[in-house]
Amino acid sequence: MSAIEAVYIFDEHNNLLLSHTYTGRPSPPSVLLPLYLQHAAPRSSVLYFPSLNPSTVLYSIIQDNLLFFSPSSGTDSGEPLLVLEFLHRVADALEEFLGSPLLASKIAGNYDVVAQILAEIADAGVVCQGEANALRDVVETGPGVLNNLLGKVGLPGNASVPGLSGGGGSLGIGGSGGLQRPGSGISSLQPAQTAQGSAIPWRRSNVRHTSNELYVDIVETLSVTLAPSGRPLAAFAYGSIAFTSKVSGVPDLLLSLSTGGKGAGMGHRGDQLRSVMERTVFHPCVRLARWKSEGVLSFVPPDGRFALCGYEVDLLGADTPLTAGKNAYSSLGLPAGVEVTTGLGSSGNDFEVRLTQPSNSGAAGSAAAASLQSNLGGGGGLGSRPSSFRAGAAGSGDSKGPSLENLVVRVPLPTTVRNVTELRPSKGEAHWSPVDGCVEWKVAAKDFGPMGAVLRCTIQGPLAADGDDAGAVLNGLTATTYDYNDDEPSAYQAGEKDEKHSNGLSVPVSREAKVAKSRELMPTSATLSFGVKGWLASGLKVESLLLDNKKSRGLGQEVKPYKGVKYLTVSREGIEVRC
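**Q** What is the right way to look at the overall build of the protein in this model?
**A** The helix and strand inventory of the protein stands at 10 helices and 30 strands. In the protein, which comprises 579 residues, the share counted as buried stands at 46%. Pairs at least 24 apart in sequence give 67% of the contacts found in the protein among residues at least 6 apart. Taken as a whole, the protein presents about 28500 Å² of accessible surface, with 51% of it coming from carbon and sulfur.

**Q** Help me out: how do you make sense of the pairing of strand β12 (residues 253–258) in this one?
**A** Side chains on a regular strand alternate between the two faces of the sheet. For β12, the tally of buried residues reaches five of six residues, placing the bulk of the element in the interior. Across four bridges, β12 lies against strand β14 (residues 296–299) in antiparallel orientation. Opposite Leu254, over in β14, you have Ser298 as the bridge partner. With six bridges connecting them, β12 and strand β29 (residues 541–547) associate as antiparallel partners.

**Q** Please clarify how the sheet that holds β29 should be interpreted in this entry.
**A** What holds strands together in a sheet is hydrogen bonding between their backbones, with the strands either parallel or antiparallel. Read from one edge of the open sheet, three strands run β14-β12-β29, paired in antiparallel fashion. This sheet does not close on itself; its edge strands, each paired only once, are β14 and β29. Each strand of the sheet is rotated relative to its neighbour by a mean of 15°, with strand direction disregarded. Sitting on the sheet, helix α6 (residues 269–276) touches β12, β14 and β29, and the angle it makes with β12 is about 65°.

**Q** What's the story with the sheet that holds strand β20 (residues 419–425) in this structure? I'm lost.
**A** Taken in spatial order, the four strands make up an open sheet running β16-β17-β23-β20, and their pairing is antiparallel. Two strands in the sheet have a free side with no partner beyond their single neighbour: β16 (337–344) and β20. Ignoring which end each strand starts from, the neighbouring axes of this sheet average 20° apart. Two elements, strand β17 (residues 350–356) and strand β23 (residues 453–460), share six bridges in a ladder whose sense is antiparallel. Residue pairing for β23: Arg354 is matched across the bridge by Val454.

**Q** Looking at this structure, I do not really get unusual backbone geometry. What am I missing?
**A** Peptide bonds are, in most cases, trans, and in most cases residues other than glycine have a negative phi. Here the bond from Ala41 into Pro42 is cis, since omega is -5°, no more than 30 degrees from zero. In this fold, Pro42 is placed in the loop between α1 (29–37) and β3 (46–49). For Asn406, which is not glycine, the phi torsion reads 60° and is therefore positive. Locating Asn406 in the fold gives a position in strand β19 (residues 403–412). Unusually for a residue other than glycine, Glu573 sits at a positive phi of about 55°. Tracing the chain through its elements places Glu573 in strand β30 (residues 562–578). Given the relative accessible area of 41%, Glu573 is considered partly exposed.

**Q** Would you mind showing me how to read the nonpolar core here?
**A** Proteins that are soluble and globular tend to have nonpolar side chains buried together. One finds Phe299, Leu308 and Leu355 to be the most contacted residues of the largest nonpolar core, which totals 75 residues. Residue contributions to this core peak at six residues, all from strand β10 (residues 213–226). When near neighbours in sequence (up to four residues on either side) are disregarded, Leu308 contacts Ile241, Phe243, Leu255, Val281, Phe282, His283, Cys285, Val286, Leu297 and Phe299. Core analysis: the next-biggest nonpolar cluster, separate from the first, contains 32 residues, Leu66, Leu84, Leu94 and Ala132 among them.

**Q** Looking at this structure, I do not really get the packing of aromatic side chains. What am I missing?
**A** Each aromatic ring pair is specified by the distance between its two centres and by the angle formed by the two planes. One pass over the structure, following the stated rule, counts eight aromatic pairs. When the centroid spacing of 5.0 Å and the interplanar angle of 65° are considered together, the rings of Tyr36 and Phe69 count as edge-to-face. Of this pair, Tyr36 sits in helix α1 while Phe69 sits in strand β5 (residues 66–73); the two residues are 33 residues apart in sequence, bridging distant segments of the chain. What makes Phe69 buried here is its relative accessible area of 0%. Aromatic pair Phe243 and Phe299: ring centres 5.2 Å apart, planes at 85°, arrangement edge-to-face. Here the residue Phe243 occupies a position in strand β11 (residues 232–246), and Phe299 occupies one in strand β14, the gap between them amounting to 56 residues. Under the relative-accessibility criterion, Phe299 is labelled buried at 0%.

Conventions and cut-offs
- Residues numbered from 1 in each chain as written.
- Predicted model: local features only at pLDDT ≥ 70, side-chain atom pairs only at ≥ 80, totals over all residues.
- Heavy atoms only, no water.
- Helix = DSSP H or I, 4+ residues; strand = E, 2+ residues; numbered from the N terminus.
- Buried < 20%, exposed > 50% of the residue type's maximum accessible area, 1.4 Å probe, protein only.
- Contact = heavy atoms within 4.5 Å.
- Areas by Shrake-Rupley, 256 points an atom, 1.4 Å probe, with all protein chains shown as cover.
- Pairing = 2+ DSSP bridges.
- Axes fitted to C-alpha atoms, helices over the stretch in contact; angles between N-to-C directions.
- Core = buried A, V, L, I, M, F, W, Y, C linked by side-chain atoms within 4.5 Å.
- Phe/Tyr/Trp six-rings, centres within 6.5 Å; stacked < 30°, edge-to-face > 60°.

It is worth stressing that arrangement in space is one thing and function is another; only the former is reported here.
Spelled out as structure tokens, the structure:
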């Protein structure tokens, strides 16, 4: 296994914040950054630079507008996924200690902590400890490690340091092998764990909380593509289970999920869950044997918030018929849909966007809705099911009243469109962005009802070029060329809008010809964004979250943690309708 050579961190202005070398003589950041910026965005996470000596593979990630580099020189460039995962672990560890979002000022102001994190994660380029939670056992924090080691050695209070001698200040070595101030124990440096680290790699030792709480947040991101006929081409939900553990000691938890009726007839619970949850990835704390045999998540969680599981769900399924129709939104259980009609108006330069609410979205959504309980019991009852998606404050945001919010429709237009002269929304606000080349329409959830909403737009094409033939449809109008003669009345005085052929006869321009000319200005797709609290498109739900007191350590028998579950489905331009 090849070693990690170095880590470089740049701020949002591409200024070098930190350079940490583990082994070898890697290419300097001043050489790598210009080569990286030469590539057009979006840039690949793995770039190869054969012009360098030796040839270098550059691995990079971007988090919170900070750029992370890790170069690998020579012929053995290592495993790309290992290096990229290492960079992600570095970013997560910095967020764990410095807070989120990760800012350049935090890294510059806490270099003592950052240097310890980088030194503990890898030693001589070999990855040692990648769990940010467990790093708290070995990384010194507090008012300032450098101040403790240098600035305040042997000095009382916050006195300044005139020198290393004087005032009786001396540097003593404690029995445990660490630096010690006279008259104080090593605990004055406020380490998280000064002796041996925790036996569980991902959980720090001696965890104590005044209030014991457990939270499960399941978030699904939609990616749906519909054909012009309304037939769904692809429909996926990418889910993530975020878990927050604030429990003293070492808790042993058991999380049970159900599919909400999907995958019935596939055997026991584990088979049903695996038929719905595809391409699952788990945190190292999950016992895979229990998941494979029983379909439950048994684990000892890290302290704090972490990603417990990730998965993918095919909303269409293998048995979905490939039939055309406009009931795709209802069959998928989506709370809103969008339809685009082009070529409207007398000149065919209008298009209409219709935001609809499927008639049975509430019923379909209720089958997929999951229960939100402030305190889950062993049985994990479902409770009442919602009858419809509610808007904003009208909905409680749980399974009894899923709340729909942040409805946004974006319609990208061809680059030949010069302007959108008229935007006529029946509800909400719409505007045309020439820079992005799209129309954005925002509808408040409280205004979105069963009748839906409609947006009508009129577009303008490019200006006519010299030498173009008469009768060209530009800007939605017929551009006719007239010959002026002083002896005859001009055509514009007679109000003629007809084309003139070579024989002098005027032929009216048909609407079909105008529509054909305007067709190249029409949109080809539209995207829909929204968020729904208290509903999951996949139909997953939490049945129970149990604490095993027999296997748990450091937690009294009478302690019952507070448990909460939340569900969120989002579409970030994830629903695309082609037209």
